[in-house]
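A closer look at the structure
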Amino acid sequence: MTRGQAERLAPMIAEALSAAGLAPRDLAGIAACTGPGNFTGLRIAVAAARGLALGAGRASVGVPRLMALAADAAGAVGAPGPLAVSAAATRGRVHLQIFDARGAALDDIALLEVEAAVARARAAGARRAVGPLAEAAGLPGPAGDLVDPAQVARLGARVLAEAAARGEAPARPAPIYLRPPDAAPSSERPPPRLPTRLTDGA
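Overview of the structure. Every value quoted in this text rests on a predicted model; they were computed, and no experiment measured them.

Here we look at the overall build of the protein chain
Secondary structure assignment for the protein chain yields 6 helices and 6 strands. Long-range pairs, those at least 24 residues apart, make up 57% of the contacts in the protein chain between residues at least 6 apart in sequence. Accessible surface for the protein chain amounts to roughly 12300 Å². Of this, 58% is attributable to carbon and sulfur atoms.

Brief notes about the side chain of Asp-145
Here Asp-145 lies in the loop between helix 5 (133-136) and helix 6 (149-166). Here the side chain of Asp-145 touches Ala-88 through a polar contact of 2.8 Å, landing on its backbone nitrogen.

Regarding the sheet that holds strand 4 (residues 93-99)
The strand order 5-4-3-6 describes an open sheet built from 4 strands, whose pairing is mixed. Strands at the two margins of the open sheet, each flanked by one partner only, are strand 5 (110-113) and strand 6 (128-130). The average undirected angle you get between the axes of adjacent strands in this sheet is 35°. Sitting on the sheet, helix 4 (residues 114-123) is in contact with strand 3 (83-88), strand 4 and strand 5, with an inclination near 115° to strand 5.

Some details on the nonpolar core
Membership of the largest hydrophobic core comes to 15 residues, with the highest contact counts inside it found for Ala-84, Leu-96, Ala-117 and Leu-133. Elements with a contribution of two residues or more to this core: strand 4, strand 5, helix 4 and helix 5. Beyond its immediate stretch of four places on either side in the chain, Ala-84 contacts Leu-96, Gln-97, Ile-98, Ala-121, Ala-126, Arg-128, Ala-129, Val-130 and Leu-133. In terms of nonpolar packing, the next biggest core, distinct from the first, is built from 9 residues, Leu-69, Ala-73, Leu-83 and Val-130 among them.

Let's talk about the pairing of strand 1 (residues 29-33)
Side chains Ile-30 and Ala-32 of strand 1 all project onto a buried face; the interleaved residues Gly-29, Ala-31 and Cys-33 project onto a face where none is buried. Two strands pair when backbone bridges link them, and strand 1 and strand 2 (residues 59-63) are joined in this way by 5 bridges, in the parallel orientation. Its bridge partner being in strand 2, Cys-33 is matched across the sheet by Val-63. In the classification by handedness, the crossover that spans strand 1, the intervening helix 2 (residues 39-56) and the parallel strand 2 is right-handed.

Considering the side chain of Gln-97
With respect to the helices, strands and loops of the structure, Gln-97 is situated in strand 4. Among the polar contacts listed, one links the side chain of Gln-97 to the backbone oxygen of Asp-107, at a separation of 2.7 Å. Excluding its chain neighbours within four sequence positions, the residues that come into contact with Gln-97 are Leu-66, Leu-83, Ala-84, Val-85, Ala-105, Asp-107, Asp-108 and Ile-109.

Description of helix 4
Turning to helix 4, its buried residues number three or more, namely Ala-117, Val-118 and Ala-121. End-on view of helix 4: buried residues confined to an arc of 100°, all on one side of the axis. Opposite the buried face of helix 4, at more than 90 degrees from it, the exposed residues are Glu-115 and Ala-123. On its buried face, helix 4 sits against strand 3, strand 4, strand 5 and helix 5. At the exit of helix 4 stands Gly-125, carrying a positive phi of roughly 75°.

So, how was this worked out
- Throughout, residues of each chain are indexed from 1 in the direction in which the sequence is written.
- Since the coordinates come from a predicted model, pLDDT governs what is reported: local features require at least 70, and pairs of side-chain atoms require 80 or more to be given and counted, while whole-chain, interface and lining totals use all residues.
- Side-chain metrics rest on all non-hydrogen atoms present in the structure, leaving aside hydrogens and water.
- Helix and strand definitions here come from DSSP, where helices need a minimum of 4 consecutive H or I residues and strands a minimum of 2 consecutive E residues; each element is numbered from the N-terminal end.
- Residue contacts are counted whenever heavy atoms from the two residues lie within 4.5 Å of one another.
- The protein chains shown are the only cover counted for residues, whose accessible areas, like all others here, come from Shrake-Rupley with a 1.4 Å probe.
- As used in this structure description, the phrase polar contact means that two N or O atoms lie within 3.5 Å; if the pair is within protein, one of them must be able to donate a hydrogen and the other to accept it, and residues adjacent in sequence are counted only when both atoms belong to side chains.
- For two strands to be treated as a pair, DSSP must find at least two bridges joining them.
- Structural elements are reduced to axes, namely lines fitted to C-alpha atoms, with helices fitted over the stretch in contact, and the angle between N-to-C directions of any two is expressed from 0 to 180 degrees.
- The term nonpolar core refers to a set of buried residues drawn from Ala, Val, Leu, Ile, Met, Phe, Trp, Tyr and Cys, joined through side-chain atoms within 4.5 Å.
- Think of it in three bands: with a 1.4 Å probe and only protein chains considered, a residue is buried below 20% of the maximum accessible area for its type, exposed above 50%, and partly exposed in between.
- Assignment of crossover handedness uses the view with strands pointing away from the viewer, where a clockwise path from the first strand over the helix to the second indicates a right-handed crossover.
- The arc refers to the directions leading from the helix axis to the C-beta atoms.

Written as structure tokens, this is what we have:
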């Protein structure tokens, strides 16, 4: 969807729970894909996950987009060795991260021009690729970069289990932003804040 995600998301969640015969409190936790990706979409996803978790009394966790794509590809039949996972970004660039054959990250996410991403993947010795870099680098692998929600759920469950094993509360989801927003902040001064209590007769 290019528009209307915020309005449609809550009804979609309610429909999915109803189809599964579940209430929010029946969930072990709530997982959201945290990007990188569209600014507005990420904010909507994270806000929805946190709100649902708060209302249900459950934990919410974040799953990075490239990690979910890597997990999908890690078990696929193909050449072993490093996996270059990419997702389309704005202005003809890509988000790139290198993973090992088991789906563990080997470096940090980078926002790169396609040529630079290809060079980085080759320098890492990537044998397979996911996303738009698969074609650009001539490496075997799927060219799509849409995340499977079931994979997000599986990875989210793993994060919850690992946190529980450590006796810790998991970190709440937060969007992954690799660049500043396109919209500039307002240059106007904010309105003055009213006191929390007004004096008698005010």
